[in-house]
Amino acid sequence: MSDDYEQYRAAERLHERHRRLWWVMWAPGARRYFAFYQGDADVEPIHATSPEDLDQQIRRAQSAIARTHPASYWRCPVAGCAWTSVNPMFHSPCPLTPAARN
């Protein structure tokens, strides 16, 4: 792990940047960064040899997902909340679905 410290840190920074929608990791055996989509759309894992390339690929994939799978947005984990977003974000108060209002 100490040999790849910078790669692991770069993966952690990318993971923080893309948060809940993408799981980012450094794979030392493959010598690549991988990103796994955590939303509702079926997306093949993305991989790249540099963090910059992976970041660009994630952004392109996210744009494509937003255009082609609008229901795959992040959803608030609060029961009855109708909030959806391309990125996880805090919001208050939760907008309730019509069913939750009754």
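Please refer to the structure placed before this passage.
Since this is a predicted model, take the numbers as computed values, not measurements. (Residues numbered from 1 in each chain as written. Predicted model: local features only at pLDDT ≥ 70, side-chain atom pairs only at ≥ 80, totals over all residues. Heavy atoms only, no water.)

(A) Inspection of the nonpolar core at higher detail. In this structure, Trp22, Val24, Ala35 and Leu54 are the most contacted members of the largest nonpolar core, which totals 17 residues. Elements that contribute at least two residues to this core include exactly helix H1 (5–18), strand E1 (22–27), strand E2 (32–37), strand E3 (46–48) and helix H2 (51–68). No other element matches H2, which puts four residues into this core. Once you skip the residues sitting within four places of it in the chain, Val24 turns out to touch Ala11, Leu14, His15, Phe34, Ala35, Leu54 and Ile58. (Core = buried A, V, L, I, M, F, W, Y, C linked by side-chain atoms within 4.5 Å. Buried < 20%, exposed > 50% of the residue type's maximum accessible area, 1.4 Å probe, protein only. Helix = DSSP H or I, 4+ residues; strand = E, 2+ residues; numbered from the N terminus. Contact = heavy atoms within 4.5 Å.)

(B) Representation of the pattern of salt bridges within the structure. Under the defined criterion, the tally for this structure stands at four salt bridges. Between Asp4 and Arg31 there is a salt bridge, with the nearest N and O atoms lying 2.8 Å from each other. Taken together, the residues Asp4 in the segment before H1 and Arg31 in the loop between E1 and E2 connect sequence positions 27 residues apart. A residue is classified by how much of its surface remains accessible, and Asp4, at 8% relative accessible area, is buried. (Salt bridge = Lys/Arg side-chain N within 4 Å of Asp/Glu carboxyl O.)

(C) Layout of the packing of aromatic side chains. According to the stated counting rule, one finds three aromatic pairs in the structure shown. Judged by centre distance (4.7 Å) and plane angle (55°), the rings of Trp26 and Tyr33 are tilted. Each member of the pair, Trp26 as well as Tyr33, carries the same accessibility label: buried. When the ring of Phe34 is compared with that of Phe36, the centres are 6.2 Å apart and the planes differ by 15°; the resulting orientation is stacked. For Phe36, a relative accessible area of 28% puts it in the partly exposed group. (Phe/Tyr/Trp six-rings, centres within 6.5 Å; stacked < 30°, edge-to-face > 60°.)

(D) Focus on the sheet that holds E3. Strands sit in the order E1-E2-E3 across an open sheet of three strands; the sheet is antiparallel. At either margin of the open sheet sits one strand with a lone partner, and together these are E1 and E3. Strand after strand, the sheet turns through a mean of 20° between neighbouring axes, direction not considered. Each of E1 and E2 touches H1; the most contacted strand, E1, lies at about 175° to it. Seen against the sheet, H2 touches E1, E2 and E3 and runs at an angle of roughly 155° to E3. (Pairing = 2+ DSSP bridges. Axes fitted to C-alpha atoms, helices over the stretch in contact; angles between N-to-C directions.)

(E) Summary view of the side chain of His18. Turning to its location among the elements, His18 is positioned in helix H1. A polar atom in the side chain of His18 sits 2.6 Å from the side chain of Asp55. Once you skip the residues sitting within four places of it in the chain, His18 turns out to touch Asp55, Ile58 and Arg59. (Polar contact = N/O pair within 3.5 Å; in protein donor to acceptor, adjacent residues only side chain to side chain.)

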